[in-house]
Amino acid sequence: MLFLSKLIQMFFYPVGLSIALAVAGGVFLVLQKKKTAIFLVFSSIGILSIFSCPVVAHAIVRSLESKYDPPADFPKVSAIVLLGGCTKSPVSPRRYTEPSCAGDRMVNAARLYRKGYAPVIVSTGGKITFMYDYSGSEAQNMADFLTETCRIDSSKILLEDKAKDTHGNATYTLELLREHGLNKDIILVTSAMHMYRSVKIFKKCGFTVYPAPADFREDKKVQKNIFAYFPNAEALSNSTDALHEYYGLIAYKIVGWL
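Note that the coordinates shown come from a computational prediction; the quantities given were computed from them, not determined experimentally.

Our next topic: the overall build of the chain. Of the regular secondary structure elements, the chain holds nine helices and seven strands. When its C-alpha atoms are laid out on the principal axes, the chain stretches across 70 × 40 × 40 Å. For the chain, buried positions account for 44% of its 258 residues. Within the chain, counting contacts between residues at least 6 apart in sequence, those at least 24 apart form 71% of the total. Total accessible area on the chain stands at roughly 13800 Å², and carbon and sulfur atoms take up 60% of it. Counting 30 positive and 22 negative side-chain charges, the chain places the averaged centre of each group 7 Å from the other.

This part is about the sheet that holds strand 7 (residues 208-211). Ordered by their spatial adjacency, five strands build an open sheet running 5-4-1-6-7, and the pairing between neighbours is parallel. The open sheet has two edge strands, strand 5 (157-160) and strand 7, and neither has a second partner. Adjacent strand axes in the sheet meet at a mean angle of 30 degrees when their direction is disregarded. In the sheet, strand 6 (residues 185-189) pairs with strand 7 via four bridges, with the strands oriented parallel. Looking at the pairing, L188 lines up with P211 of strand 7. Packed onto the sheet, helix 7 (residues 166-179) meets strand 1 (79-83), strand 4 (121-124), strand 5 and strand 6 and runs at close to 125 degrees relative to strand 5.

The subject of this paragraph is the pattern of salt bridges. Under the criterion given, the structure shown has five salt bridges. Across the salt bridge formed by R62 and E65, the nearest N and O atoms sit 3.7 Å from each other. Of the two residues, R62 and E65 both sit in helix 4 (residues 54-65), three residues apart, roughly one turn of that helix. What makes R62 buried here is its relative accessible area of 12%. Since its relative accessible area comes to 0%, E65 is described here as buried.

Before going further, it helps to spend a moment on the side chain of E218. You can see E218 is positioned in the loop between strand 7 and helix 9 (233-255). Within the buried set, E218 has no salt-bridge partner at all; the shortest N-O distance to an opposite charge, 7.5 Å, is to R62. Residues in contact with E218, not counting those within four places in the same chain, are A57, H58, V61, R62, E65 and N238.

Right, let's get into the layout of surface pockets. Here the second largest pocket is characterised by a volume of approximately 240 Å³. P54, E218, V222, N232 and E234 are, among the 14 residues lining the second largest pocket, the residues nearest its centre. Of all the secondary-structure elements, those providing two or more residues to the lining of the second largest pocket are helix 4 and helix 9. Looking at the lining of the second largest pocket element by element, the count peaks at three residues for helix 9. The class makeup of the residues in the lining of the second largest pocket is five nonpolar, four polar and five charged.

Turning our attention to a positive patch on the surface. Together, K67, K200, K203, K204 and K253 make up a positively charged patch on the protein surface. Topologically, K203 is positioned in helix 8 (residues 192-204).

Let us look at the packing of aromatic side chains. Tallied over the entire structure, the rule returns five aromatic pairs. Summarising the aromatic geometry, the rings of Y13 and Y247 are spaced 5.8 Å apart at their centres and angled 20 degrees between planes, so their arrangement reads as stacked. Highlighted residues: Y13 in the loop between helix 1 (2-9) and helix 2 (14-30) and Y247 in helix 9, separated in sequence by 234 residues. Their ring planes at 70 degrees and their centres at 5.5 Å tell us that F74 and Y117 sit as a pair that is edge-to-face. One end of the pair, F74, is in the loop between helix 4 and strand 1; the other, Y117, is in the loop between helix 5 (104-114) and strand 4, with 43 residues separating them in the sequence. Note on F74: relative accessible area 11%, which makes it buried. Through successive ring pairs, a cluster of aromatic residues spans F12, Y13 and Y247. Stacked on the ring of Y252, the Lys or Arg R197 has its end atom at 5.1 Å from the ring centre.

In this chain, S92 is followed by P93 through a cis amide linkage whose omega measures 10 degrees. By secondary structure assignment, the location of P93 is in the loop between strand 2 (87-88) and strand 3 (98-99). Its identity as a non-glycine residue notwithstanding, Q32 has a phi of 65 degrees, on the positive side. When you line up the elements, Q32 lands in the loop between helix 2 and helix 3 (34-51). Owing to a relative accessible area of 68%, Q32 belongs among the exposed residues under this scheme.

Reading the values: rules and limits
- Each chain has its residues counted from 1, running along the sequence as written.
- Given that this is a predicted model, residues contribute local features only at a pLDDT of at least 70 and side-chain atom pairs are listed and counted only at 80 or more, while totals for whole chains, interfaces and linings are drawn from all residues.
- Here the side-chain values reflect all heavy atoms present in the structure, with hydrogen atoms and water set aside.
- Note on conventions: DSSP H or I runs of at least 4 residues are helices, E runs of at least 2 residues are strands, and numbering of each starts at the N terminus.
- Classification of residues uses two cut-offs on accessible area relative to the type maximum, computed with a 1.4 Å probe and protein chains only: under 20% is buried, over 50% is exposed, and between them is partly exposed.
- Two residues form a contact once any of their heavy atoms are found within 4.5 Å.
- For the accessible areas, the method is Shrake-Rupley and the probe is 1.4 Å, while residue cover comes only from the protein chains on display.
- Here the positive residues are Lys and Arg and the negative ones are Asp and Glu; neither His nor the chain ends is included.
- A single reference atom marks each charge: NZ on Lys, CZ on Arg, CG on Asp, CD on Glu.
- Strands are treated as partners if at least two bridges between them are detected by DSSP.
- Angular values range over 0 to 180 degrees, each being the angle between N-to-C directions of two axes fitted as lines to C-alpha atoms, with helices fitted over their stretch in contact.
- Note on definitions: salt bridges are taken to be side-chain nitrogens of Lys or Arg within 4 Å of carboxyl oxygens of Asp or Glu.
- Cavity: a set of points on a 1 Å grid over the protein atoms alone where a 1.4 Å probe fits but cannot get out. Pocket: an open set with protein on both sides within 12 Å along at least five of seven lines, its lining residues, like those of a cavity, having an atom within 4 Å of a point.
- Grid points are joined across faces, edges and corners, and a volume is the space filled by probe spheres set on the points.
- Basically, the charged four are Asp, Glu, Lys and Arg, the nonpolar ten are Ala, Val, Leu, Ile, Met, Phe, Trp, Tyr, Cys and Pro, and anything else, Gly included, counts as polar.
- Each patch is built from salt-bridge-free residues with over 30% relative accessible area, joining like charges within 9 Å and nonpolar side chains (Val, Leu, Ile, Met, Phe, Trp, Tyr) within 5 Å.
- Here the aromatic set is Phe, Tyr and Trp, taking the six-membered ring for Trp, and pairing holds for ring centres within 6.5 Å; pairs whose planes are under 30 degrees apart are stacked, those over 60 apart are edge-to-face, and all others are tilted.
- Geometrically, a charge over a ring is one whose NZ (Lys) or CZ (Arg) sits within 6 Å of the ring centre while staying within 35 degrees of the ring normal.

Remember that the coordinates give geometry; whether it matters functionally is a separate question.
Have a look at this one:
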């Protein structure tokens, strides 16, 4: 089911949908249905152009990131929960775990821990082997970065290395906290765009959640200049990630995880 969900959703993202429409256009062209073929090809180009536009990407991304601003202060809680998906594994030529574009999550978790908001950090995230296999897990990669680079005592990091999605992050973290006699009040650290769905899932599992978003993709105000209307790859990537969150909200609602 996980494999199928990853495969199917590819065709609902701008690039996959554009390719599908272009291929369909080619088929209709072979069948000599030129009007339909032209419509499909132009639809393909239009979808790529729209979602690659920085102004459009800003609007979609900010619709999610604006849900939670980082607060100035937090209460003392039982744990800081750091969600996976923000590292590059130590696979050749890398010798050490490196932060990905979402790596500010780890820095933020370390910052909050050093300020004394919680006695432990829960590093949560397994791995999806059919997409990218490596030794260890996302949780272990983040823990390695926290200890080696951020100088966090390894005994203060709890590993949850079974989760393969955000719902798994919540359910397995709940089990881990129970094992260590910790309450369900947490500071949740993840990317700002991912925070809205994450908070809903963790609350559904019974947590008291204090969001600590990091990795903001967009400023509050769009930088309006001529280049804000020209398509680029970064805007396409941001639009795709935002759509992933919206599709996740729909799917999780259907299965009852929200």
